Amino acid sequence: MEELLSQYETVNLNAVKIWFKAGSIKDFPSNRGGCIKYKNKQIAIFNFERRNEWYACQNACPHKMEMVLSRGMTGSADGVPKIACPMHKKTFSLVDGSNLNGDDYKIATYPVKVEGDEVFVGFLE
């Protein structure tokens, strides 16, 4: 299972080499997640409309190793946008992937940009 998680690594905005077109704005539900596939990765994308922000992270839950984060509940913890895994309710920051429950598990996050009505996710390769 570690092999699954090893394919996900946080990408910082200044390191982006490829902007992958994930879809149009209307392809992603408001204040919830959707999922795309990029190469061998499943990426959860969140249209956090109530904050007027977009986020992307790995779709794989690092605890249960299931592809479920796109179906989690979005919210905020002390002003930090978060996703709660629908399986065990562990929460992760959508900004830096840290576990907001204090556990060792964390998730990879990816930059998102919107141009016109198209949504792009940034990757290293």
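Numbering of residues starts from 1 in each chain and follows the order in which that chain's sequence is written. With the structure being a predicted model, the display of local features is reserved for residues of pLDDT at least 70 and the display and counting of side-chain atom pairs for 80 or more, all residues being used for whole-chain, interface and lining totals. Note that the side-chain values use all heavy atoms of the structure and ignore hydrogens as well as water.

The name that an unreviewed UniProt entry assigns to the chain is Nitrite reductase (NAD(P)H) small subunit, with the source organism given as Flavobacterium aquariorum.

Would you explain the sheet that holds strand S9 (residues 112–115) in this entry?
Strand pairing in a sheet relies on backbone hydrogen bonds. The paired strands run either parallel or antiparallel. Here, any two strands with at least 2 DSSP bridges between them count as paired. Under the scheme used here, helices are H or I runs from DSSP no shorter than 4 residues and strands are E runs no shorter than 2 residues, and both carry numbers assigned from the N terminus. Reading across the sheet, the three strands line up as S1-S10-S9 and stay open at both edges, with antiparallel pairing between neighbours. Each edge of the sheet is formed by a strand with only one pairing partner; in this case those strands are strand S1 (18–24) and S9. Strand after strand, the sheet turns through a mean of 30° between neighbouring axes, direction not considered. Bridging between S9 and strand S10 (residues 118–123) involves four bridges; their strand directions are antiparallel. What sits directly across from Lys-113, in S10, is Phe-120. Simply put, an axis is a line fit to the C-alpha atoms, just over the touching stretch for a helix, and the angle between two N-to-C directions goes from 0 to 180 degrees.

Is there a simple way to explain the nonpolar core in this structure?
Each nonpolar core is a collection of buried residues, namely Ala, Val, Leu, Ile, Met, Phe, Trp, Tyr and Cys, held together in the definition by side-chain atoms within 4.5 Å. When accessible area is computed with a 1.4 Å probe and restricted to protein chains, residues below 20% of their type maximum are described as buried, those above 50% as exposed, and intermediate ones as partly exposed. Among the nonpolar cores identified, the biggest contains 20 residues, and Tyr-8, Phe-28, Ile-36, Ile-43, Ile-45, Tyr-110 and Val-121 are the most heavily contacted of them. Residue assignment for this core shows that the elements contributing at least two residues are helix H1 (2–6), strand S2 (33–38), strand S3 (41–48), strand S4 (53–58) and S10. Looking at which element gives the most residues to this core, the answer is S10, with three residues. Contacts are residue-level and defined by heavy atoms, with any inter-residue pair within 4.5 Å sufficient. When near neighbours in sequence (up to four residues on either side) are disregarded, Phe-28 contacts Ala-22, Gly-23, Gly-34, Ile-36, Ile-45, Asn-47, Trp-54 and Val-119. Membership of the second largest hydrophobic core comes to 13 residues, among which are Phe-48, Tyr-55, Cys-57 and Leu-69.

Explain the UniProt feature "domain: Rieske" (unreviewed entry) in the chain to me, please; I cannot follow it from the model alone.
Following the UniProt record, one finds the feature "domain: Rieske" (unreviewed entry) at residues 19–121. Structurally, residues 19–121 comprises 0% helix and 48% strand, and the distance from its first C-alpha atom to its last is 6 Å. UniProt positions are given in the numbering used here, feature names are shortened, and annotations may be inferred rather than shown by experiment.

Teacher, can you tell me more about the pairing of S10 here?
Here is the key point about a regular strand: its side chains alternate between the two faces of the sheet. For S10, the tally of buried residues reaches five of six residues, placing the bulk of the element in the interior. In textbook terms, the turn of a hairpin is the stretch between consecutive antiparallel strands, and for S9 and S10 this stretch comprises two residues, one of which, Gly-116, has a positive phi near 65°.

Would you mind going over unusual backbone geometry with me for this structure?
Glycine aside, residues mostly have negative phi angles, and peptide bonds mostly take the trans form. Its identity as a non-glycine residue notwithstanding, Met-65 has a phi of 60°, on the positive side. Relative to the helices and strands, Met-65 is located in the loop between S4 and strand S5 (73–77). Classification of Met-65 by relative accessible area gives buried; the value is 17%.

What is the right way to read the sheet that holds strand S8 (residues 109–110) from this model?
Read across the sheet, four strands follow the order S2-S3-S4-S8 without closing on themselves; strand pairing throughout is antiparallel. Only two strands of the sheet have a single neighbouring strand rather than two, namely S2 and S8. In this structure, S3 lies alongside S4, joined through six bridges in antiparallel fashion. Paired with Asn-47 across the strands is Trp-54, a residue of S4.

Whenever I open this one, the state of the cysteines confuses me. Can you help?
As used in these notes, a disulfide is a covalent bond between sulfur atoms, one from each of two cysteines. Two cysteine sulfur atoms form a disulfide, by the criterion used here, when they sit within 2.5 Å. Under the definition given, this model contains zero disulfides. Of all cysteine sulfurs in the structure, the one in Cys-61 sits closest to Cys-85, which takes part in no disulfide; the separation is 3.8 Å.

Please clarify how the layout of surface pockets should be interpreted in this entry.
It is a probe the size of a water molecule, rolled over the atoms, that shows where empty space is left. Empty space within the largest pocket amounts to approximately 280 Å³. Throughout, the protein atoms alone are placed on a 1 Å grid, and a set of points is a cavity if a 1.4 Å probe fits but cannot get out or a pocket if it is open with protein on both sides within 12 Å along at least five of seven lines; lining residues have an atom within 4 Å of a point. Tyr-8, Gln-58, Lys-106, Ile-107 and Ala-108 are the residues nearest the centre of the largest pocket, which is lined by 15 residues in total. Broken down by element, the lining of the largest pocket gets its largest block of residues, three residues, from H1. Residues are sorted three ways: Asp, Glu, Lys and Arg are charged, Ala, Val, Leu, Ile, Met, Phe, Trp, Tyr, Cys and Pro are nonpolar, and all the rest, Gly among them, are polar. Here the lining of the largest pocket is composed, by residue class, of six nonpolar, four polar and five charged. Grid points are joined across faces, edges and corners, and a volume is the space filled by probe spheres set on the points.

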